[in-house]
Amino acid sequence: MFLASTVKMYVYYTVIASLVVFFLLKWIKKSRFCTDIKRLDGKTVLITGASSGIGKETAVALATRGARVVIACRDADKAAQAVREIKFRSRSLAVVSMDLDLGNLRSVRDFCKTFLQQEKRLDILINNAAVPGVLDWTDDGFSMCLGVNHLGHFLLTNLLVGRLKECAPSRVVTLTCSNYKYQKLDFRDLNYNLLPFFTYCRSKLANIYFSHELGRLMQGKGVTSYAVHPGFVQSDWTCHYSFLFRTVMRVFMWMFFVTCEAGAQTVIYCAVADEAAKQGGGYFVDCRAATLRPFARDAGIAKKLWEASERLVKLA
């Protein structure tokens with residue numbers, strides 16, 4: 001009798017604990033969805049790194065709305081596979097891929113030249129591609145995080161901004177991360193590449209400064225700029241790390257991170273919503289404007305980084 005009572009109590013508490021954990025995780029992972037149903041017929045969207053993750057989900061959503069979607073990726077095979085999936089899920093044939101390696105500035109320039117020759121419009125540019133905290137170097141000698149996450153997109157946007165202005169009103173959405181708050185930029189060592197996590201944080205802070213300064217420079221020119229933190233997402237960023245790390249992180253991400261579809265919602269919101277158009281230059285989280293730490297709102301640092309980036313990519 002005692003044993004049966006103990007087993008029943010164990011089962012009871014296990015069920016209760018499981019339900020508590022389930023609803024706690026559900027609450028942690030809750031996120032808003034973009035409810036704006038605006039069509040994008042006749043519009044052209046360019047998304048970097050859209051062969052997987054948030055970029056691919058964004059491409060599906062915008063192609064479904066009628067946009068012509070160009071995905072710019074480094075791996076041609078993965079891009080071709082992604083195009084087929086995006087076409088199938090969106091029921092749209094207006095999806096194409098182009099080769100782009102953001103870690104190589106020559107590739108960025110070649111891409112922009114080809115894009116401007118082939119595409120007559122650019123209404124929405126989504127700077128989505130990124131690398132996590134890895135201690136590696138680009139072909140141009142920059143730290144991988146700075147080179148891909150910031151400088152590659154900086155050059156890409158500057159070379160395409162003329163077409164964006166021609167197609168105004170247009171938008172630039174740049175993905176960043178709330179981890180920006182853990183570091184500050186050191187202009188004596190922008191190419192910092194010692195601790196992987198700190199390198200990543202600095203590149204995401206650079207994304208915020210870039211988006212803010214772009215918004216300031218484009219005031220009155222029909223181009224609005226947005227920095228987006230998509231949340232912590234179950235994407236394939238762990239592919240850069242060991243098998244053990246990937247295995248552990250898959251479990252952790254399943255428990256605490258949101259899906260790629262949920263992560264794409266704020267990107268979609270900033271790309272299409274009329275409400276977002278009123279808040280150009282802002283920082284967005286969970287489909288609404290959010291407040292940055294004071295140091296990340298420093299217009300003087302944003303301008304200084306813009307000028308330094310121009311020199312680094314040889315635009316100045």
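Everything that follows concerns the structure shown earlier in this document.
Residues numbered from 1 in each chain as written. Predicted model: local features only at pLDDT ≥ 70, side-chain atom pairs only at ≥ 80, totals over all residues. Heavy atoms only, no water.

Draft legend 1. The arrangement of empty space enclosed by the protein in detail. For the structure shown, the criterion picks out one cavity of 30 Å³ or more. Here the largest cavity defines a volume of roughly 90 Å³. Forming the walls of the largest cavity are Ser143, Cys145, Leu146, Leu185, Asp186, Asp189, Leu190, Tyr192, Thr199, Arg202, Ser203 and Ala206. Among the elements of the structure, α5 (144–166) and α6 (196–217) are those that each provide at least two residues to the lining of the largest cavity. With four residues, α6 is the largest single contributor of residues to the lining of the largest cavity. Residue composition of the lining of the largest cavity, by class: six nonpolar, three polar and three charged. (1 Å grid on protein atoms, 1.4 Å probe; cavity = no way out; pocket = protein on both sides within 12 Å on 5 of 7 lines; lining within 4 Å. Points joined across faces, edges and corners; volume = space filled by probe spheres on them. Helix = DSSP H or I, 4+ residues; strand = E, 2+ residues; numbered from the N terminus. Nonpolar A, V, L, I, M, F, W, Y, C, P; charged D, E, K, R; others polar.)

Draft legend 2. Broad picture of the pairing of strand β6 (residues 223–229). Summarising burial for β6: six of the seven residues are buried, a large majority. As for the winding sense of the linkage, the β-α-β connection from strand β5 (residues 170–175) through α6 to β6 is right-handed. For β6 and strand β7 (residues 283–285), the ladder comprises three bridges, and the chain directions are parallel. Considered in β7, the bridge of Ala227 is made with Tyr283. (Buried < 20%, exposed > 50% of the residue type's maximum accessible area, 1.4 Å probe, protein only. Right-handed = clockwise from strand over helix to strand, strands pointing away. Pairing = 2+ DSSP bridges.)

Draft legend 3. A look at the sheet that holds strand β2 (residues 68–73). The strand order across the open sheet formed by eight strands is β3-β2-β1-β4-β5-β6-β7-β8, and the pairing between neighbours is mixed. Each edge of the open sheet is held by one strand with a lone partner, namely β3 (95–99) and β8 (288–290). Neighbouring strand axes in the sheet, compared pairwise and without regard to direction, differ in orientation by 25 degrees on average. On top of the sheet, α5 reaches β1 (44–48), β4 (124–127), β5 and β6; it is set at about 175 degrees to β4, its chief contact. (Axes fitted to C-alpha atoms, helices over the stretch in contact; angles between N-to-C directions. Contact = heavy atoms within 4.5 Å.)

Draft legend 4. How the structure looks around helix α2 (residues 53–64). In this model, α2 (twelve residues) spans 17 Å end to end at C-alpha, consistent with the 16 Å of a helix rising 1.5 Å per residue. Along α2, eleven of the twelve residues are buried, which leaves the element largely enclosed by surrounding structure. Turning to α2, its buried residues number three or more, namely Gly53, Ile54, Gly55, Lys56, Glu57, Thr58, Ala59, Val60, Ala61, Leu62 and Ala63. Just downstream of α2, Gly66 is the residue with a positive phi angle, here 105 degrees. (Expected span 1.5 Å × (residues − 1).)

Draft legend 5. Looking closely at the pattern of salt bridges. Inspection of the entire model under this criterion finds twelve salt bridges. Members of the salt-bridge network, linked through shared partners, are Lys56, Glu57, Glu85 and Arg89. (Salt bridge = Lys/Arg side-chain N within 4 Å of Asp/Glu carboxyl O.)

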